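Close look at the chain arrangement
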Amino acid sequence: MATVTLAPMEGVVDVYMRELLTGIGGFDLCVSEFVRVSQNLFPAAVFYRYCPELLTGGRTSSGVPVHVQIMGGEPVVMAENAAFVAELGAPGIDINFGCPAKTVNRHDAGATLLQWPERLYEIVSAVRRAVPKDIPVSAKMRLGFSEKSLALENAMAIESAGASKLTVHARTKLEGYRAPAYWEYLRPMTENLSIPVVANGEIWTKEDFLQCLAVSGCEHVMVGRGVIARPSLGLEINSKGEQYSQVGLFAWPIILNFVVDYYNLTKSMENDNRQMGRLKQWIKLLGRTYEQSSVLFDQIRRMEDPIGIVQEVRKEQYRPTGGVVI
Ligand SMILES: Cc1cc2nc3c(=O)[nH]c(=O)nc-3n(C[C@H](O)[C@H](O)[C@H](O)COP(=O)(O)O)c2cc1C
């Protein structure tokens, strides 16, 4: 059955956003923000910080598993850390070969490694050997570093090293996050690999989703910015085996309720500045789908405390043409 994964997004999709979005529904799996691994074995606290769900069976409270993503270029250190996070209860390990950051403590990592398929092979196989067989090891890559000629070779190296799944953000590192995504480069992968290939990049609507499946030949997708801007997206595209999902775009009042829920969840950050940053960030990103959110953002952008922001959200809920609270 086709699956929908919530994309890892450093500074955006943290434990609170995962809790909120998996509560809304439509997701089969989450992946944590990347943990940069360089020279040492991290203490447990580091993994708990990135993935507090390790303390609750590796799942959000809606029961959606959260795989822990690690990033680094040293096979031995990656393997040690992967084995440890598996011991801590991670339901799966994902390896990041897509991050545009140049170095991790002077060691190369992330998308830089896409220039050397043999290095991808070494890292994935070391991690695979170190982690118990029943725990999946997957990888996430881009189409290349500066160009796409090694895309298929990299994908095949990752498969032959023993990964059980490969997610592909359909752009090179140099293409950053600019549209379009080159979903057509995924078709040779779906044709040549026997592990699932998960399509990622530029899925903002159900139409994009259908187009992505048709062009890439993939069955599975991962969505990131799209669902942050359109929280109904997971439910719109995940038909759970039925032919079509019945869910459409949420109305603005429902979104306002979610923003209040998010405010309540992020209170446990116990850091007003960070909480405020997250609230502003989300309200801004929602503006891509909801014009009303752009207006709201202009009202709150200069505010300096989270309570002031949630008060504005509540005012909007009670406005005659705004939301309703049920
Ligand atoms: C702010 C931000 C943070 C990201 N952090 C990560 C990360 O920690 N690990 C990762 O593999 N990809 C990361 N990505 C890439 C996304 O997972 C995804 O591949 C990319 O946004 C394309 O998908 P989308 O068009 O659905 O957003 C990040 C992207 C953004 C915009």
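Note: the structure precedes this text.
Because the structure is a prediction, the values reported are computed rather than measured. (Residues numbered from 1 in each chain as written. Predicted model: local features only at pLDDT ≥ 70, side-chain atom pairs only at ≥ 80, totals over all residues. Heavy atoms only, no water.)

**Notes on the packing of aromatic side chains**
Any two aromatic rings considered together are summarised by their centre-to-centre distance and by the angle between their planes. This model, assessed by the stated rule, comprises five aromatic pairs. Seen from their ring centres, Phe-42 and Phe-47 are 6.2 Å apart, and the 75 degrees between their planes marks the pair as edge-to-face. You can call Phe-42 partly exposed: its relative accessible area is 23%. Judged by relative accessible area, which is 0%, Phe-47 ranks as buried. Taking the centre distance of 5.2 Å and the plane angle of 65 degrees together, the rings of Tyr-262 and Trp-282 count as edge-to-face. (Phe/Tyr/Trp six-rings, centres within 6.5 Å; stacked < 30°, edge-to-face > 60°. Buried < 20%, exposed > 50% of the residue type's maximum accessible area, 1.4 Å probe, protein only.)

**With respect to the packing of helix 10 (residues 252–266) against helix 13 (residues 306–318)**
Running from N to C, helix 10 and helix 13 point in directions that differ by 155 degrees, and their axes come no closer than 10 Å. With respect to each other, helix 10 and helix 13 are oriented roughly antiparallel. In this structure, helix 10 meets helix 13 at a crossing whose hand is left-handed. Residues Trp-252, Leu-256, Asn-257, Val-259, Val-260 and Tyr-263 of helix 10 form the contact with helix 13, whose participating residues are Pro-306, Ile-307, Val-310, Val-313, Arg-314, Glu-316 and Gln-317. The class makeup of the residues in the contact of helix 10 with helix 13 is nine nonpolar, two polar and two charged. (Axes fitted to C-alpha atoms, helices over the stretch in contact; angles between N-to-C directions. Helix = DSSP H or I, 4+ residues; strand = E, 2+ residues; numbered from the N terminus. Parallel < 35°, antiparallel > 145°, perpendicular 65-115°, else oblique. Left-handed = near helix turned anticlockwise from the far one by under 90°. Contact = heavy atoms within 4.5 Å. Nonpolar A, V, L, I, M, F, W, Y, C, P; charged D, E, K, R; others polar.)

**Brief notes about the pattern of salt bridges**
Oppositely charged side chains are able to pair whenever their charged atoms sit close together. Per the stated rule, a full pass over the model turns up 11 salt bridges. Between Glu-53 and Arg-18 there is a salt bridge, with the nearest N and O atoms lying 2.8 Å from each other. Placement of the pair is Glu-53 in the loop between helix 2 (44–50) and strand 4 (66–71) and Arg-18 in helix 1 (residues 15–24), with a sequence separation of 35 residues. Of the charged contacts in the structure, one is a salt bridge between Arg-230 and Glu-236, with a shortest N-O distance of 2.8 Å. The exposure classification of Arg-230 matches that of Glu-236, with both residues buried. A single salt-bridge network, built from bridges that share partners, covers Arg-171, Glu-202 and Arg-225. (Salt bridge = Lys/Arg side-chain N within 4 Å of Asp/Glu carboxyl O.)

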